[in-house]
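Spelled out, the chains give:
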Amino acid sequence: MYDFDKVIERRNTNSAKWDGEHCKNDPEVLPMWVADMDFETLPEVKEALIKRAQHGIFGYAGVTDDYLQAVIDWMERRHQFHIEKDWIVTTTGVVTALRLAVSTYTKENDNILIMKPVYYPFDFSIKGRNRNVIECPLVLKDDHYECDFELFEQKIIDNDVKMFILCNPHNPIGKVWTKEELKQIGDICKKHDVIVVSDEIHMDFVYEGHTHVPFVEVDESYKDFTIICTAPSKTFNLAALQTSNIIIPNETLREQYKTEKQASGVTDPNIFGMDACKAAYTYGDKWVDELLVYLQGNIDYMIDFFKTRLPEIKVIKPEGLYLIWVDFRALNLEPKDLEDFMLHKVKLWLDEGYIFGTGGEGFERFNVACPRSTLKQALEAIEKAIKENQLL
C-alpha cells in the first residue's frame with residue numbers, strides 16, 4: 001500500500017506551486033491551483049533517477065527502443081490503445097506540442113476552434129502564433145456539460161476552421177467524452193477537413209462508470225487527421241522533467257510535425273525525464289490504481305462537505321481529472337471579487353474560473369491531489385470565511 005496521506009513539506013523547494021508569488025507574499029496561503037500533485041511519486045521512478053545521477057555523466061541522449069516500448073505497453077495495458085513506435089514523436093511538454101501543432105498545420109490568421117471553458121494555454125498556443133480563437137461554448141445542464149453539435153459544426157462552417165483542439169478528459173470541467181460524443185465530433189471534423197489535436201494528458205485519471213477513449217480509437221479513419229498529446233507528467237507528477245509523447249499515426253502529418261519541431265529548436269526530453277517515464281510506465285500500474293481510489297475518496301469528501309455544510313455551492317462531479325470545478329455563483333461576487341475573497345479571506349490560492357474563458361466566471365478550479373488533511377483544511381477555511389463575511 002502506498003501512503004497518500006503523507007504530508008511532504010514543499011515550501012522552499014523551488015516549487016512553482018508552493019513557492020509562487022501568492023505563497024511568498026503570505027505564508028498562510030494554501031495553494032490548490034496548478035495541476036501538480038502533493039504526493040511522492042512511486043519508488044521505482046526515484047530509483048531510476050538516483051541510478052542515472054550516480055552514473056555521473058550527462059551527455060547528449062537519444063530516444064531508445066525500450067523507452068518507446070514502455071510507452072506502447074502502457075497505452076495498451078491501461079487504455080487498449082494500439083500504437084506503433086514510428087507514431088511517437090517526443091517533445092518537452094504538451095503545451096510545447098500544442099504550439100508546434102498550431103505552427104505545423106495552420107497559417108497566420110487561420111481560425112482554430114476550442115470548447116470553453118477550457119485549459120487556458122489553448123488560447124496562448126493559438127494567439128501566440130497569430131491565429132484566431134473560435135469558441136464553441138459547452139452547455140451546462142444541471143450538473144454536467146454537453147456539446148451543442150449543431151453549433152460546433154456551424155462554427156466550423158462559418159469560420160472556415162482549420163483545426164480543432166480537443167481536451168479529453170476536459171480540463172477544467174472533468175468531463176470524459178464518450179465514444180458516441182467523440183464520433184460526432186470526429187465525423188464533423190472529417191467532413192470539413194479539420195485537423196484534430198487531442199490533448200489527452202489526463203487520460204489516466206478516469207473514475208468508475210467512465211472510460212477514456214483515445215480519439216483515434218473511435219474510428220480508423222481519424223488516424224489520417226489527428227495528433228494525440230500524451231505525457232507521464234500529470235499521472236506521476238513529473239512535470240519538471242519535461243517529457244511528453246505525441247502520437248501521430250499519419251506519416252505525412254508526422255513528418256511535417258518533425259520538420260517543424262527541428263526548425264523550432266524543440267528538443268527531445270532530457271535523460272532524466274526519459275528514465276522517469278520508462279520506470280513509471282513499466283512499474284506504475286499498482287501505484288496509479290491506488291492513487292485513483294484515494295482521489296475518488298477526496299472527491300467524495302469534497303462533494304459531501306459542500307452538500308451538507310454549504311449546499312448553495314455546487315460541485316460539478318468529475319468523471320475524470322483530479323481537478324474539481326466548483327460553482328460559487330451563489331455568493332454573488334464579481335470574478336475579481338471572488339478571487340480576492342479566496343486569496344485574502346480564505347487564504348486559498350485557486351485557479352479562477354474566469355481564466356478558462358466563456359462560462360468560467362463564478363467558478364473555481366480546485367486541485368484535490370493532496371493529502372486528505374490538506375483538503376479538509378481548505379474546505380473548512382472556505383466555510384469559516386463565508387460565514388464570517390455573511391455571504392450566504
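As shown above, the structure is provided for reference.
I will try to describe carefully the structure that is included in this document. Predicted model only: the values in this text are computed from it and were never measured.

Here we look at the overall build of the chain
Part 1: Across its full length, the chain carries 13 helices and 15 strands.
Part 2: On the principal axes, the C-alpha backbone points of the chain span a range of 60 × 60 × 40 Å.
Part 3: The proportion of buried residues among the 392 residues of the chain is 56%.
Part 4: Relative to all contacts within the chain whose residues are 6 or more apart in sequence, the contacts with residues 24 or more apart total 73%.
Part 5: With the model as given, the accessible surface of the chain reaches about 17,300 Å², and the carbon-plus-sulfur share is 47%.
Part 6: Averaging the coordinates of the 45 positive side-chain charges in the chain and doing the same for the 66 negative ones gives two points 2 Å apart.

Concerning helix α12 (residues 335-346)
Part 1: The end-to-end C-alpha separation of α12 is 15 Å, in line with the 16 Å expected for twelve residues at 1.5 Å each.
Part 2: Among the residues of α12, Pro335, Leu338, Phe341, Met342, Leu343 and Val346 are the ones counted as buried.
Part 3: Of the surrounding secondary structure, the elements contacted by the buried residues of α12 are α1 (21-25), β13 (348-349), β14 (351-352), β15 (363-367) and α13 (372-388).
Part 4: Where α12 terminates, the next one or two residues include Lys347, which has phi positive at roughly 70 degrees.

Topic: the sheet that holds β15
Part 1: Taken in spatial order, the four strands make up an open sheet running β11-β12-β15-β14, and their pairing is antiparallel. A single partner strand is all that each edge strand has here, and the edge strands are β11 (314-316) and β14.
Part 2: Its contacts with the sheet place helix α11 (residues 285-309) against β11, β12 (323-327) and β15, and it is angled at close to 10 degrees to β12.
Part 3: Sheet strands touched by α12: β14 and β15. Its angle to β15, the strand with the most contacts, is close to 35 degrees.

Digging into the nonpolar core
Part 1: Ranked by size, the top nonpolar core spans 132 residues in total, and within it Phe152 and Ile382 carry the most contacts.
Part 2: The element contributing the most residues to this core is α11, with ten residues.
Part 3: Every residue in contact with Ile382, bar those within four places of it in the chain, is listed here: Phe306, Leu310, Phe328, Met342, Val346, Leu348 and Phe366.
Part 4: In terms of nonpolar packing, the next biggest core, distinct from the first, is built from five residues, Cys23, Trp33, Leu343 and Trp349 among them.

Some thoughts on unusual backbone geometry
Part 1: Backbone torsion omega between Asn168 and Pro169 reads -5 degrees, so that peptide bond is classified as cis.
Part 2: Its place among the elements puts Pro169 in the loop between β7 (163-167) and α7 (179-191).
Part 3: Note that the residue after Asn171, namely Pro172, is joined by a cis bond; omega there is 20 degrees.
Part 4: As for its position among the elements, Pro172 is in the loop between β7 and α7.

Here is what the cut-offs are and how they apply
Residues numbered from 1 in each chain as written. Predicted model: local features only at pLDDT ≥ 70, side-chain atom pairs only at ≥ 80, totals over all residues. Heavy atoms only, no water. Helix = DSSP H or I, 4+ residues; strand = E, 2+ residues; numbered from the N terminus. Buried < 20%, exposed > 50% of the residue type's maximum accessible area, 1.4 Å probe, protein only. Contact = heavy atoms within 4.5 Å. Areas by Shrake-Rupley, 256 points an atom, 1.4 Å probe, with all protein chains shown as cover. Lys, Arg positive; Asp, Glu negative; His and termini not counted. Charge placed at Lys NZ, Arg CZ, Asp CG, Glu CD. Expected span 1.5 Å × (residues − 1). Pairing = 2+ DSSP bridges. Axes fitted to C-alpha atoms, helices over the stretch in contact; angles between N-to-C directions. Core = buried A, V, L, I, M, F, W, Y, C linked by side-chain atoms within 4.5 Å.

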